[in-house]
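Descriptive structure summary
Here is how the chains run, residue by residue.
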Amino acid sequence: MDGRKQSAGGATNLSLQPNYSCRKVQEALEHLASIDLIDLCNEAKVEHCRATRDLRSCGCSVQSVLSSCGHASLCEECCQRCDVCPICRVNIPKTGNRLSLRLYYECIEAGLISKRYDDRVQEKDGEKQITADVKRLYLLFDVAMENNLLSLICHYITDVCMDESAVSSDPVVALLLDEVVVKDWCKRTFKNIVAELQPIYNLNVKEMKERSNALLKFTARLGCILTVLEVLESSFKGSLSAQLHDINHLQETILKTKQHIEMMIWYTRHQYLENLNRHDSFSSWRTDVRERISMAVKRAWPAPIGTSTPDGEILFILDALSNLDKQQEDTPDRDYELEIASLQKDEGLSLSRAKFEGLVGSYPFQNLRSAIDILFLYGSSDLVLAKQAIFLYYLFDRLWKIPDDKWRFSVDDFSATFNIARHSILESFTFYLLDDHSDEALQEACRLLPEIAGPTTHPKVAQTLLERQNPDTALMVLRWSGSDSGPDLVSLNEAVTAVRVRVECGLLIEAFMYQRSICTKAKKAKATHELSDAFNGLNNDSEGEVNWLEILVSEICLLCMRRKLVDRIIGLPWNLDEEKHLHKCLLDYALEEPFTNGSLLVVFYLQRYRYVEAYQVDQKLQNLEENFISNKIVDDDVINRMRTTQHWRAGLVNKGIHLLPEVEEEKVKSGQMTELSPTKTDINVLNPNPDLIDSSNLAPSYVNSSVILQMDVENPSPPKSNFGGLTNYGTPVSHGNKFGDMERGMSMLKSISKNFKVDDIITLSTPLKEFNRGSSKVQKNKSLQVDQNEFSNRLSRFGRDADVEASANLMDMTWSNKDERLPAQTNMNGGPRWRSDDEDQPSADTLTGGASFNSPSTGLRRSRRLRNRK
């Protein structure tokens with residue numbers, strides 16, 4: 001009786017096992033384990049008797065080998081009448097055991113190979129004979145794999161197939177010595193396993209659970225095949241043959257099948273989860289997912305200027321599924337890959353639909369079995385960790401809000417079965433909570449983030465928190481990820497998110513310093529050809545570092561425009577490259593709203609004693625404003641306020657031009673000096689590294705007010721600059737008649753005090769640093785304190801009253817009339833701030849790279865003189 005049943009495909013049925021205590025079984029396995037591997041192909045070859053009978057060859061199938069020489073050359077009948085071996089002519093002993101059973105037939109007698117393969121009839125068809133020889137070798141490999149003799153197959157590849165001296169003139173033996181035979185055995189064995197899996201997968205969950213031992217043995221078999229393929233792959237290493245590609249694709253398919261079986265084993269232990277679902281129905285679940293997508297689209301921030309839309313989907317789950325789709329596109333369909341589709345319960349319909357429509361449209365999965373089939377039979381096997389994370393996301397989406405005691409232990413078992421760390425489980429849970437648009441889910445996510453935030457945190461976490469109006473938590477995530485302080489360069493989209501978070505938290509100086517450090521890293525990466533297009537995320541072909549600089553500076557500028565904080569950023573120490581983009585951004589948006597931004601750009605140049613450029617900007621603004629008024633886009637009240645602002649701005653510019661040498665003043669007014677070219681006092685020339693802030697660059701930026709207010713009554717010359725006697729890009733400073741006499745200076749101060757409310761100018765021109773520090777230089781001067789919003793509102797309320805009031809609720813960054821400092825914790829989200837600009841704020845020495853910086857003290861002294869004169 002046959003000791004083992006075989007399936008139609010040739011694979012061994014796992015329900016029956018040979019009797020390993022039987023002596024025949026032990027001897028057969030010992031023979032197989034000790035055989036010389038070069039003789040294994042001889043054992044697999046079908047041999048026919050070579051004795052001569054009646055002038056012709058006997059031709060009977062040879063089942064035994066001669067004990068004297070080991071050749072399988074004579075059948076049992078001919079051995080009795082022959083004296084020598086027909087091959088080697090060695091004498092055959094007359095007495096004793098003249099024959100011993102061949103290994104193949106010995107395995108059949110021991111029950112290791114089914115007797116249905118006991119083909120002892122002579123095969124006359126040559127083609128069938130070759131097929132029979134290969135099949136016999138396959139069956140010997142099967143016996144080795146089933147009995148923990150996998151090393152025999154591996155050594156057969158390395159010691160026989162890869163041995164260049166192992167050759168034969170016999171075409172059958174030459175075929176058996178080729179490694180292609182081993183690859184075909186792997187492919188045949190895999191197909192047989194799939195054939196046996198199909199009826200098991202078609203059972204219900206309870207019946208499938210009873211066959212869990214068979215599933216475990218199938219995973220062990222697939223693991224053995226993968227080991228053989230790895231050894232076989234080494235024989236093709238370094239080549240580009242089609243055989244190597246075929247081996248790689250076969251490995252991929254087998255590994256996916258193995259991962260799927262492992263998931264099915266876990267599924268049979270927790271089939272009760274099919275009856276747990278917090279959603280009322282599958283259609284309501286799909287509606288909920290569509291609502292999440294809609295809410296995410298509405299709250300999403302626009303892509304930065306000059307970049308394409310950020311890669312990836314809106315939700316975490318859609319982003320993860322799209323990554324699986326991208327991997328699948330690179331995998332060509334093969335016969336054995338198409339076979340695994342039959343392992344699905346719906347006969348591959350879900351998998352086919354996922355291939356044509358994409359995985360993104362498959363979520364939510366209809367049930368647990370469908371989720372396992374689609375995830376683990378689709379996409380690359382290398383993404384098994386991502387697939388497990390997606391499956392956990394699906395479980396949380398399905399089971400959250402159901403009492404934990406009904407399902408939590410299943411998640412714990414999933415973690416233990418697949419060695420998933422608690423951090424990864426919480427991460428999947430957090431991703432789901434951030435996708436859920438409810439406030440309860442957001443609060444739960446914020447509670448979990450301190451535990452999981454770290455260097456491996458997904459960059460989309462901070463972006464999502466920002467979009468959900470929780471910038472403080474987003475800042476915490478960025479702090480703990482360390483992406484802004486490490487040596488590695490982040491992507492452009494991540495850099496933009498980091499800038500946005502800092503600005504939304506009110507950390508303008510930190511946002512400014514962050515963009516400078518990131519642009520420096522990008523510049524170095526570009527110089528070493530390490531900055532790829534994927535890091536840039538750009539639409540154009542311009543240089544990477546220039547685009548990074550323009551995008552980040554413009555982002556800061558635009559955010560401050562939205563928050564009505566332009567008066568704070570104009571006091572930052574921008575270098576010339578940054579200043580170019582700041583100028584462009586403010587002027588471009590002055591075209592759409594020529595009320596505030598353009599006027600503050602004029603103040604920007606007045607702060608830096610660059611009166612000619614302030615004059616040029618003012619002239620452009622006047623032309624734009626006149627065109628705006630002539631078109632009568634707004635009512636008369638707005639036009640009147642615009643005229644008033646225009647008059648005030650022109651007065652500031654004229655007083656600044658009046659401080660120039662008389663020759664230059666005449667040239668500017670006559671239009672002869674239209675453009676200024678930077679001379680040797682250009683910051684980039686004075687400082688060979690423009691990315692580092694030097695004290696000489698900070699002098700025009702960090703002054704207490706404009707130069708108009710800093711003129712001494714007794715000494716009408718402007719304050720001394722660190723530019724070594726040069727102002728306005730090389731204009732010589734004269735202490736004589738070029739600046740007029742004392743009466744000229746006094747008349748200017750009186751005119752400014754009368755017409756332009758000097759105190760308001762201080763509000764605009766005081767740098768951001770002094771706002772953060774709560775500067776006493778201005779606060780102690782009671783004569784210079786005015787209504788905190790007066791001048792800012794005059795510049796910004798032309799048809800924008802509602803916007804100003806709304807922005808005041810979001811971020812109150814104005815001056816305080818009190819002598820105490822501004823509170824350190826500014827609350828924008830109803831909760832405590834993680835940090836403020838007062839905390840860990842860099843000093844002037846830090847900004848200047850260690851250079852000393854002495855703030856002018858003449859502003860306070862002169863303000864006191866003005867007060868005393870009054």
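The written sequence of each chain sets the order in which its residues are numbered from 1. Confidence filtering applies because this is a predicted model: local features only for residues at pLDDT of at least 70, side-chain atom pairs given and counted only at 80 or more, and all residues used for totals across whole chains, interfaces and linings. The side-chain values count all of the structure's non-hydrogen atoms but skip hydrogen atoms and water molecules.

**Brief notes about the overall build of the chain**
Check the secondary structure of the chain and you find 42 helices and six strands. Type-normalised accessible area, obtained with a 1.4 Å probe on protein chains alone, sets the label of each residue: buried when under 20%, exposed when over 50%, and partly exposed for intermediate values. For the chain, buried positions account for 53% of its 870 residues. Two residues qualify as a contact provided that any one of their heavy atoms is within 4.5 Å of a heavy atom in the partner residue. Restricting to contacts in the chain with at least 6 residues of sequence separation, those with at least 24 account for 73%. Where accessible areas are quoted, they stem from the Shrake-Rupley method and a 1.4 Å probe; at the residue level, only the protein chains shown are allowed to cover. If you sum the accessible surface of the chain, you get close to 40,100 Å²; carbon and sulfur atoms cover 50% of it. In this description a helix means any DSSP run of H or I spanning at least four residues, a strand means any run of E spanning at least two, and both kinds are numbered starting from the N terminus.

**Some points on the confidence of the model for the chain**
As a per-residue measure, pLDDT tells how confident the predictor is, with possible values from 0 to 100. Mean pLDDT over the chain: 74, with 68% of residues reaching 70 or higher. Long-range and interchain partners of residues 1-15, a stretch whose pLDDT sits below 50, account for 43 contacts in this model, where long-range means more than four residues apart. Across residues 676-794, confidence stays below pLDDT 50; counting only partners more than four residues off in sequence or on other chains, it has 253 contacts.

**Here we look at the state of the cysteines**
Disulfide: a pair of cysteine sulfur atoms within 2.5 Å of each other. Applying the stated criterion to the full structure yields zero disulfides. This cysteine, Cys69, is not joined by any disulfide, and Cys85 carries the nearest cysteine sulfur, 3.6 Å off.

**What to know about the packing of aromatic side chains**
Side-chain rings of Phe, Tyr and Trp (the six-membered ring for Trp) are treated as a pair once their centres are within 6.5 Å; stacked means planes under 30 degrees apart, edge-to-face means over 60, and tilted covers the remaining angles. All chains considered together, the criterion is met by 22 aromatic pairs. Judged by centre distance (5.8 Å) and plane angle (85 degrees), the rings of Tyr393 and Tyr432 are edge-to-face. Taken together, the residues Tyr393 in helix α17 (residues 384-399) and Tyr432 in helix α19 (residues 422-435) connect sequence positions 39 residues apart. A relative accessible area of 0% places Tyr432 in the buried class. Ring plane angle 80 degrees and centroid distance 6.1 Å describe the contact between Phe396 and Trp407, whose orientation is recorded as edge-to-face.

**What about the pattern of salt bridges?**
Side chains that differ in sign of charge can pair as their charged atoms come close. Any Lys or Arg side-chain nitrogen found within 4 Å of a carboxyl oxygen on Asp or Glu counts as a salt bridge. Within the structure shown, the criterion is met by 32 salt bridges. A salt bridge links Arg408 to Asp404; the shortest N-O distance between them is 3.4 Å.

**Side note on the side chain of Asp397**
As for its position among the elements, Asp397 is in helix α17. Note on Asp397: relative accessible area 0%, which makes it buried.

**A look at helix α2 (residues 37-44)**
Those residues of α2 lying buried are Leu37, Leu40, Cys41, Glu43 and Ala44. Projected onto a plane normal to the axis of α2, the buried residues spread over an arc of 160 degrees and lie on a single side. The arc in question is formed by the directions pointing from the helix axis toward the C-beta atoms.

**Describing unusual backbone geometry**
With the exception of glycine, most residues fall at negative phi, and the peptide bonds are largely trans. For the bond from Tyr363 to Pro364, the omega torsion is 5 degrees, close enough to zero to count as cis. Secondary-structure assignment places Pro364 in the loop between α15 (349-357) and α16 (368-376).

**Re the environment of Trp548**
Structurally, the position occupied by Trp548 is in helix α26 (residues 544-562). With a relative accessible area of 0%, Trp548 lands in the buried category. The spacing of Trp548 and Ile518 is 30 residues in sequence and 8.3 Å in space, taken between C-alpha atoms.

**Observations regarding the packing of helix α10 (residues 212-235) against helix α11 (residues 242-269)**
It is the contact of α10 with α11, at a shortest axis distance of 10 Å, that shows an interaxial angle of 160 degrees. Considering their axes alone, α10 and α11 lie roughly antiparallel with respect to each other. Pair α10 / α11 crosses with left-handed handedness. Judged by residue contacts, Leu215, Leu216, Phe218, Thr219, Leu222, Gly223, Ile225, Leu226, Leu229, Glu230, Leu232 and Glu233 of α10 engage Leu244, Ile247, Asn248, Leu250, Gln251, Ile254, Leu255, Thr257, Lys258, Ile261, Glu262 and Ile265 from α11. The classification used treats Ala, Val, Leu, Ile, Met, Phe, Trp, Tyr, Cys and Pro as nonpolar, Asp, Glu, Lys and Arg as charged, and all other residues, Gly among them, as polar. Partitioned by chemical class, the residues of the contact of α10 with α11 number 15 nonpolar, five polar and four charged. Angles here are taken between N-to-C directions and fall from 0 to 180 degrees, while the axes themselves are lines fitted to C-alpha atoms, restricted in helices to the stretch in contact. For classification, angles of less than 35 degrees are called roughly parallel, those exceeding 145 degrees roughly antiparallel, those between 65 and 115 degrees roughly perpendicular, and all remaining angles oblique. Crossing handedness follows the turn of the near helix against the far one: under a right angle anticlockwise gives a left-handed crossing, and clockwise gives a right-handed one.

**Details of the nonpolar core**
Leu40, Tyr156, Phe391 and Ile569 are the most contacted members of the largest nonpolar core, which has 201 residues in total. Apart from residues lying up to four places away in sequence, Tyr156 is in contact with Leu37, Leu40, Cys41, Leu137, Phe141, Cys161, Leu176, Leu177 and Val182. To form a nonpolar core, buried Ala, Val, Leu, Ile, Met, Phe, Trp, Tyr and Cys residues must be joined to one another through side-chain atoms within 4.5 Å.

**Things to note about the packing of helix α21 (residues 459-467) against helix α22 (residues 471-481)**
Packing of α21 against α22 leaves a shortest axis separation of 7 Å and a crossing angle of 165 degrees. Here α21 is positioned roughly antiparallel relative to α22, judged by the angle of their axes. Here α21 and α22 pass one another in a crossing that is left-handed. The segment α21 lies against α22, with Val461, Ala462, Leu465 and Leu466 engaging Pro471, Thr473, Ala474, Val477 and Leu478. By residue class, the composition of the contact of α21 with α22 is eight nonpolar, one polar and no charged.

**What about α21?**
Within α21, seven of the nine residues are buried, leaving the element largely enclosed by the surrounding structure. Looking at α21, one finds that the buried residues are Lys460, Val461, Ala462, Thr464, Leu465, Leu466 and Glu467.

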